[in-house]
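The chain contents come next:
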Amino acid sequence: MNFSAIEHIPYDNYCYPLNDKELIISLKTGKDITAVYLIEGDPFDGGIMGGDWKWNGTRKACNTKKELERHFWWTTPVTPAFKRSKYYFELHTVTENNQTKIYYFLENGFYTQEEFDRLSGLVPGFVFPWMNSADINTTPDWPRDIVWYQIFPDRFRNGDLELNPPNSKPWAKPHQKVGPSDLYGGDLQGIIDSLDYLKDLGIGGIYLNPVNQAMSNHKYDTIDYLKIDPFFGDNEKMKELCSEAHKRNIKIMLDGVFNHSGWCFFAWQDVLQNGKDSKYAHWFMINNFEFI
């Protein structure tokens, strides 16, 4: 069995509350694993810590399996009665002699059947301590019931020629190649001018790629999170877009870039100047200040 291909951590995308009742538990394995069972239960189903009891969970097959390029991704939902969970995995593989061999994957490693049978007391399983409501991603129902239209603003429609970047190109013809860094002058006014067209298509929501001020054409390198990029318009033009879209019962969703910033973002510039003494140093994950 390819042990190095097996991975699980009791948080992040491997273990998380789907809602206030269900906990999603996933495991990544190599393709030599033929079946996975989850043994899961309440951490205290036999009493409090230190009592003379052995933890036992309920065995459940992981029937949802996604095939990745080099791995399988096994997933199963559970419904912890007290919003906490303890669990481990039973893994099945086939030997060269075409025999099924079972291993157990616990928090402290892998066990053969014989090694697992010798365990006593509190089984060292994985533990998800608490399904905190603050960690549950909740979304309204309406986004799932409408048709979304994604717009990359620079490439959609040029509505205000006065906003064009100095190095913007004429709108490309169907046979012309478009470079990844090319600028074409698309802007918020162009989207406003197209709202009736989008409404006629049956669009109920527009998903906008980033519109905040940035250096690039894609705007993922944010400079100012409180300002619309001047080549797209301004904050008032953004308000107008939302107002006109809402008149047509079209929602606007923004691609907010909040887990990273652009090189010219003021806080990062302060870090470049002051290093670890910058008051913004804790805003970033910096491995070595000597290299910035």
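Residues numbered from 1 in each chain as written. Predicted model: local features only at pLDDT ≥ 70, side-chain atom pairs only at ≥ 80, totals over all residues. Heavy atoms only, no water.

(A) A look at the overall build of the chain. Scanning the chain from N- to C-terminus turns up 5 helices and 15 strands. Sequence separation of at least 24 residues holds for 60% of the intrachain contacts in the chain that already meet a minimum separation of 6. Each charge sign in the chain was given a centre, from 30 positive and 39 negative side chains, and these centres are 3 Å apart. (Helix = DSSP H or I, 4+ residues; strand = E, 2+ residues; numbered from the N terminus. Contact = heavy atoms within 4.5 Å. Lys, Arg positive; Asp, Glu negative; His and termini not counted. Charge placed at Lys NZ, Arg CZ, Asp CG, Glu CD.)

(B) Fine view of helix H5 (residues 266-274). Of all the positions in H5, only Ala-267, Trp-268 and Val-271 are classed as buried. Summarising the axial view, the buried residues of H5 lie within an arc of 100°, below the 170-degree limit, and thus occupy one face. Count one or two residues on from H5 and you reach Gly-275, which has phi positive near 60°. (Buried < 20%, exposed > 50% of the residue type's maximum accessible area, 1.4 Å probe, protein only. Arc of directions from axis to C-beta.)

(C) The sheet that holds strand E6 (residues 72-78), seen in detail. The 4 strands lie next to each other as E1-E2-E6-E5, forming an open sheet whose pairing is antiparallel. Edge strands, defined here as strands with exactly one partner in the open sheet, are strand E1 (15-17) and strand E5 (64-67). Across the sheet, the mean angle separating the axes of adjacent strands is 20° when strand polarity is ignored. The pairing of strand E2 (residues 23-29) with E6 spans 7 bridges and is classified as antiparallel. Bridge assignment links Ile-25 to a residue of E6, and that residue is Thr-76. (Pairing = 2+ DSSP bridges. Axes fitted to C-alpha atoms, helices over the stretch in contact; angles between N-to-C directions.)

(D) Structural context of the environment of Tyr-197. Considering the arrangement of structural elements, one finds Tyr-197 in helix H3 (residues 195-200). Separated by 49 residues in the primary sequence, Tyr-197 and His-246 have C-alpha atoms spaced 15 Å apart.

(E) Broad picture of the pairing of strand E7 (residues 85-94). By the criterion of burial, E7 is predominantly enclosed, with 9 of the 10 residues buried. Note that strand E3 (residues 33-41) and E7 share 8 bridges and pair antiparallel. Paired with Gly-41 across the two strands is Lys-86, which belongs to E7. Strand direction decides the pairing type here: E7 and strand E10 (residues 126-128), joined by 3 bridges, are antiparallel. When the sheet's bridge partners are listed, Tyr-87 is paired in E10 with Phe-126. Pairing between E7 and strand E8 (residues 100-106): 6 bridges, direction antiparallel. Across the sheet, the residue bridging to Thr-93 is Lys-101, located in E8. Taken together, E7 and the strand that follows it, E8, pair antiparallel across an intervening segment of 5 residues, in which Asn-98 is found at a positive phi of about 65°.

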